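# Topology and contacts: notes
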Amino acid sequence: MATAGASRRFCRCACFCSENLYVARYGLHVRFRGEEQLRQDYGPILRSRGCVSPKDFQQLLEELEQEVRRRQRLGQESAARKALIASSYHPVRPEIYSPLQDAALAPEFLAAAEYSTLPGANLEGLLQRLETVSEEKRIYRLPVFTAPFCQALLEELEHFEQSDLPKGRPNTMNNYGVLLHELGLDEPLVTPLRERFLRPLMALLYPDCGGAWLDSHRAFVVKYAPGQDRELGCHYDNAELTINVALGKAFTGGALYFGGFFQGPPALVKPLEVEHAVGRGVLHRGGQLHGARPLGTGERWNLVVWLRASAVRNRLCPMCCRKPDLVDDEGFGDGFTREEPATVDVCALT
């Protein structure tokens, strides 16, 4: 769900049901518009990755058709789950559902966000208040949440996980985790995090990616554990910008790795690896190719927020790289709007 306040309605691009479908068995994202197109576009690479027999291909075809149907129903089913959770779920940490307080945020994060709102703030000054992981790739890191808040949020997430209520998949690549919109944590937690803190900070770090115009998001928590998801294949996000915060628990391995940019030339160098630390957030562009190395030991939960700017994506869908073909879908949106915000200087986004 793209959240930005009750008064705005967001759409998705029609390509959502045909582009960027992930096939975990073959480690491949594909475009799918039918059997003939799939064979023509991906036949050789699929055979090289083990899809050899007619049975293999038929199984793949059925999986893709099932995924298309899932995406077509996604908005309606998500709304139904959210309503059921709101009426039936009893939180173990109800204070988490109160409006976000500064006490939940790390002093370093508060300082960086506060600096970003000052009249004379600039990029050079902001970079003195956070860690530059890669100047070339424009990847940054800083503490976001306090340890007590991470612990409280984890307790709530685990309590919900153990309930018998229905749970939506965080995204097409992760099978374990929680959609914060469905749990009722978007408005009290993620929206103020975006509007009050991330937007001024991102405006200085990524002015060319719509950092100053972030008006919606998709937020979810992903879980990596033995017997469940242990790693994440290379991909780029359906977002202009992303923040990824490790919440816990005790773990080894599972570092993020970053390659090239999806609209740039292929990366020929060794990927950059970034270790997780509880409470710390990694900031990067949504179009930066990345993934997660295999978990070593323990269990890791991460909060991921895809930050979206309709002023950017209304001009070019990041999934199909075309002018978006807008579709309304039961309140489920991917940050597109049918109007261009009048205050946006589009020249600053080119």
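Worth saying up front: this structure is predicted, and the values here are computed from it rather than measured. (Residues numbered from 1 in each chain as written. Predicted model: local features only at pLDDT ≥ 70, side-chain atom pairs only at ≥ 80, totals over all residues. Heavy atoms only, no water.)

## Focus on the packing of helix α1 (residues 35–48) against helix α2 (residues 54–88)
For the pair α1 and α2, interaxial distance at closest approach is 12 Å and the crossing angle is 125°. Taken together, the axes of α1 and α2 lie oblique to each other. Here α1 and α2 pass one another in a crossing that is right-handed. Together, Glu-35, Leu-38, Arg-39 and Leu-46 of α1 and Phe-57, Leu-60, Leu-61 and Leu-64 of α2 make up the contact between the two elements. Classifying every residue of the contact of α1 with α2 gives six nonpolar, no polar and two charged. (Axes fitted to C-alpha atoms, helices over the stretch in contact; angles between N-to-C directions. Helix = DSSP H or I, 4+ residues; strand = E, 2+ residues; numbered from the N terminus. Parallel < 35°, antiparallel > 145°, perpendicular 65-115°, else oblique. Left-handed = near helix turned anticlockwise from the far one by under 90°. Contact = heavy atoms within 4.5 Å. Nonpolar A, V, L, I, M, F, W, Y, C, P; charged D, E, K, R; others polar.)

## A short note on the packing of helix α3 (residues 107–116) against helix α7 (residues 186–205)
It is at 8 Å that the axes of α3 and α7 come closest, and there the two elements cross at 65°. In terms of their interaxial angle, α3 and α7 are classed as roughly perpendicular. Handedness of the α3/α7 crossing: left-handed. Taking contact as the criterion, the partners of Phe-109, Leu-110, Ala-112, Ala-113, Tyr-115 and Ser-116 in α3 are, on α7, Leu-193, Phe-197, Leu-198, Pro-200, Leu-201 and Leu-204. Of the residues in the contact of α3 with α7, the class split is 11 nonpolar, one polar and no charged.

## Some remarks on the domain arrangement of the chain
As far as domains go, the chain holds domain 1 (12–88) and domain 2 (94–338). The distance between the C-alpha centroids of domain 1 and domain 2 comes to 24 Å. The partner domain 2 presents 29 residues to the 23 residues of domain 1 that form the contact. Taken as a group, Arg-12, Arg-81 and Ile-85 account for 30% of the area that domain 1 buries against domain 2, more than any other trio of residues on that side. Linking domain 1 to domain 2 there are two salt bridges. Residue Arg-322 is joined to Glu-19 by a salt bridge in which the shortest nitrogen-to-oxygen separation is 3.7 Å. Taken together, the residues of the side of domain 1 that touches domain 2 sort by class into eight nonpolar, seven polar and eight charged. (Domains from an automatic or database assignment. Buried area = accessible area lost by both parts, 1.4 Å probe. Salt bridge = Lys/Arg side-chain N within 4 Å of Asp/Glu carboxyl O.)

## Digging into α7
Between its first and last C-alpha, α7 extends only 24 Å over 20 residues, short of the 28 Å set by a 1.5 Å rise per residue. The largest bend in α7 comes to about 50°, at Leu-198, with the proline Pro-200 one to four residues further on. (Expected span 1.5 Å × (residues − 1). Bend = angle between axes of the 7 residues up to and from the residue.)

## Concerning unusual backbone geometry
Residue Lys-249 is reached from Gly-248 by a cis peptide bond, and omega for that bond is 0°. Within the secondary structure, Lys-249 sits in the loop between β9 (241–248) and β10 (251–253). With a phi close to 60°, Asn-20 is a non-glycine residue in the positive phi region. Structurally, the position occupied by Asn-20 is in the loop between β1 (12–13) and β2 (21–23). One non-glycine residue, Cys-321, lies in the positive phi region at around 55°.

## Considering the pattern of salt bridges
Tallying each qualifying case throughout the model produces 22 salt bridges. Note that Glu-155 is salt-bridged to Arg-93, the shortest N-O span being 2.6 Å. Note that Glu-155 is positioned in helix α5 (residues 147–161) and Arg-93 in the loop between α2 and α3, a separation of 62 residues in sequence. Residue classification places Arg-93 among the partly exposed residues on the basis of a relative accessible area of 23%. Notably, a salt bridge pairs Arg-141 with Glu-131, separated by 2.8 Å at the nearest N-O pair. You can see Arg-141 sitting in strand β5 (residues 139–143) and its partner Glu-131 sitting in strand β4 (residues 131–134), a full 10 residues away along the chain. Linked through salt bridges whose partners overlap, the residues forming this network are Glu-19, Arg-31, Arg-33 and Arg-322. (Buried < 20%, exposed > 50% of the residue type's maximum accessible area, 1.4 Å probe, protein only.)

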